[in-house]
Amino acid sequence: MSEHLIRAALDAAERGWHVFPLRPGTKRPALHGEQRCPGTGPCADGHRKWEQRATTDPDRIRATWARAPFNVGIATGPSGLLVVDLDVPKDNSSSDTPSGVTTFGALCERAGHAIPATYRTRTASGGEHLYFTAPPGVRLTNTARTVAASVDTRAWGGYVVAAGSTTPAGPYEALCGPAVAAVPGWLLSILRPAPEPPEAPPVATMGQSRRYADVALAREAQNVAGAVHGGREAALFRAARALGRFVAWGDLPRHMVEQALQEAGEAAGLTVAECRSTLRSALNWSIAHNQRRRTA
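Every value quoted in this text rests on a predicted model; they were computed, and no experiment measured them.

> Would you mind going over the pattern of salt bridges with me for this structure?
Pairing between side chains of opposite charge can happen when their charged atoms approach one another. Tallying each qualifying case throughout the model produces 6 salt bridges. Across the salt bridge formed by Arg-7 and Asp-11, the nearest N and O atoms sit 3.0 Å from each other. One end of the pair, Arg-7, and the other, Asp-11, are both in helix α1 (residues 3-14), 4 residues apart, so they sit about a helical turn from each other. Since its relative accessible area comes to 39%, Arg-7 is described here as partly exposed. Among the salt bridges present, the one from Arg-254 reaches Glu-258, with a minimum N-O distance of 2.9 Å. Note that Arg-254 and Glu-258 are positioned in helix α8 (residues 254-268) at a spacing of 4 residues, about one turn of the helix. Connected via shared salt-bridge partners are Arg-7, Asp-11 and Glu-14.

Following this line, the structure appears as structure tokens:
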């Protein structure tokens with residue numbers, strides 16, 4: 001048993017964070033998979049994945065970490081956490097590719113806020129994990145490049161490696177005090193699931209679908225144009241993500257959406273370049289995730 005690893009697991013559990021074992025020296029869960037599930041113990045009523053088996057029970061933690069020097073995984077969803085993963089450029093990236101830390105700092109500046117003061121760790125690769133408390137009643141999930149390049153997030157369905165763990169690439173280390181801040185409003189606006197459109201009547205015609213899309217476009221453009229400083233880019237991102245489904249479904253041409261939201265973003269005070277960058281990433285994401293039209 002490695003005392004510093006069991007201490008890391010207990011420290012996380014004392015914060016209310018649900019932990020589970022990772023294979024020694026790795027980032028991979030040490031629990032059995034569904035195909036090898038024995039159907040006994042915690043899985044007596046059916047296979048339980050690592051997210052379901054993560055715990056804050058100190059007795060279970062001591063018993064588990066007494067068996068081997070497991071690294072410590074934190075299941076972000078059950079722990080009520082949203083962790084922002086600021087990665088470093090890959091080895092095959094160009095020399096001028098910014099790191100996740102640099103990109104996130106620029107996003108905070110454009111949102112009119114300082115980088116949040118919150119608990120954070122340095123990862124083995126040299127990146128950072130920023131820990132935030134997720135708001136009640138909102139089920140956030142993992143994202144990859146939704147916020148920006150080299151900026152991913154972990155929530156329900158995800159986990160992070162806790163400080164105190166070590167891999168061949170290096171250790172995971174806490175960089176500041178224990179306080180964990182709430183998710184910034186501007187970031188939550190980007191990550192909050194886009195509202196689903198109302199179910200279309202079963203006999204809806206193509207003309208009806210197009211009229212609904214036109215109304216949605218006008219409403220979203222109005223919302224963006226009226227956005228206030230500190231929330232303008234998030235409002236533009238949210239509108240583009242909501243309207244991208246209509247582009248994917250063929251109800252609106254992409255150039256029409258881009259033009260309307262570009263004008264609305266500039267009217268709100270964003271620069272031409274800021275609008276273009278936000279629109280491109282948000283529309284690309286939305287179109288890729290809405291290829292199939294919902295049916296009544």
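> Would you take a moment to explain the layout of surface pockets for this structure?
Regions of empty space are outlined by a rolling probe, equal in size to a water molecule, passed over the atoms. One number sums up the size of the largest pocket: a volume of about 500 Å³. Every residue lining the largest pocket is counted, 23 residues in all, and those nearest its centre are Leu-107, Val-147, Ala-148, Ser-277 and Ser-281. For the lining of the largest pocket, the secondary structure elements donating two or more residues are α4 (100-110), β6 (143-148), α5 (185-191), α7 (232-248) and α9 (272-288). By residue number, the principal contributor to the lining of the largest pocket is α9, which donates 6 residues. For the lining of the largest pocket, the residue count by class is 11 nonpolar, 7 polar and 5 charged.

> Where do I start with the sheet that holds strand β1 (residues 18-22) in this structure?
As a general point, the strands of a sheet are linked pairwise by backbone hydrogen bonds and lie either parallel or antiparallel. Taken in spatial order, the 3 strands of this open sheet run β1-β2-β8, and their pairing is antiparallel. Every interior strand has two partners, whereas the edge strands, β1 and β8 (159-161), have only one. Adjacent strand axes in the sheet meet at a mean angle of 35°, parallel and antiparallel pairs treated alike. With 5 bridges connecting them, β1 and strand β2 (residues 71-75) associate as antiparallel partners. Note that in β2 the partner of Val-19 across the bridge is Ile-74. The sheet strands contacting α1 are β1 and β2, and the helix crosses β2 at an angle near 15°. Along the sheet, helix α3 (residues 58-65) makes contact with β1 and β2, crossing β1 at roughly 10°.

> Looking at this structure, how should I read unusual backbone geometry?
Negative phi values dominate among residues other than glycine, just as trans dominates among peptide bonds. Residues other than glycine seldom take positive phi values, yet Arg-145 does so here, at roughly 65°. In this model, Ser-150 sits at a positive phi of 65°, which is unusual for a non-glycine residue. Mapped onto the elements of the fold, Ser-150 is located in the loop between β6 and β7 (151-154).

> When you look at the nonpolar core in this model, what are you seeing that I'm missing?
Side chains of a nonpolar character, in soluble globular proteins, are inclined to be buried together. Membership of the largest hydrophobic core comes to 45 residues, with the highest contact counts inside it found for Leu-82, Val-84, Phe-104, Trp-186, Leu-187, Val-257 and Leu-261. When residues in this core are grouped by element, the largest group, 8 residues, is from α7. Apart from the residues lying within four places of it in its own chain, the contact partners of Leu-261 are Glu-220, Ala-221, Val-224, Leu-236, Ala-239, Ala-240, Leu-243 and Leu-279. Judged by nonpolar contacts, the second largest core, of 22 residues, contains Ala-9, Ile-61, Val-72 and Ile-74.

Definitions and limits used
Residues numbered from 1 in each chain as written. Predicted model: local features only at pLDDT ≥ 70, side-chain atom pairs only at ≥ 80, totals over all residues. Heavy atoms only, no water. Salt bridge = Lys/Arg side-chain N within 4 Å of Asp/Glu carboxyl O. Helix = DSSP H or I, 4+ residues; strand = E, 2+ residues; numbered from the N terminus. Buried < 20%, exposed > 50% of the residue type's maximum accessible area, 1.4 Å probe, protein only. 1 Å grid on protein atoms, 1.4 Å probe; cavity = no way out; pocket = protein on both sides within 12 Å on 5 of 7 lines; lining within 4 Å. Points joined across faces, edges and corners; volume = space filled by probe spheres on them. Nonpolar A, V, L, I, M, F, W, Y, C, P; charged D, E, K, R; others polar. Pairing = 2+ DSSP bridges. Axes fitted to C-alpha atoms, helices over the stretch in contact; angles between N-to-C directions. Contact = heavy atoms within 4.5 Å. Core = buried A, V, L, I, M, F, W, Y, C linked by side-chain atoms within 4.5 Å.

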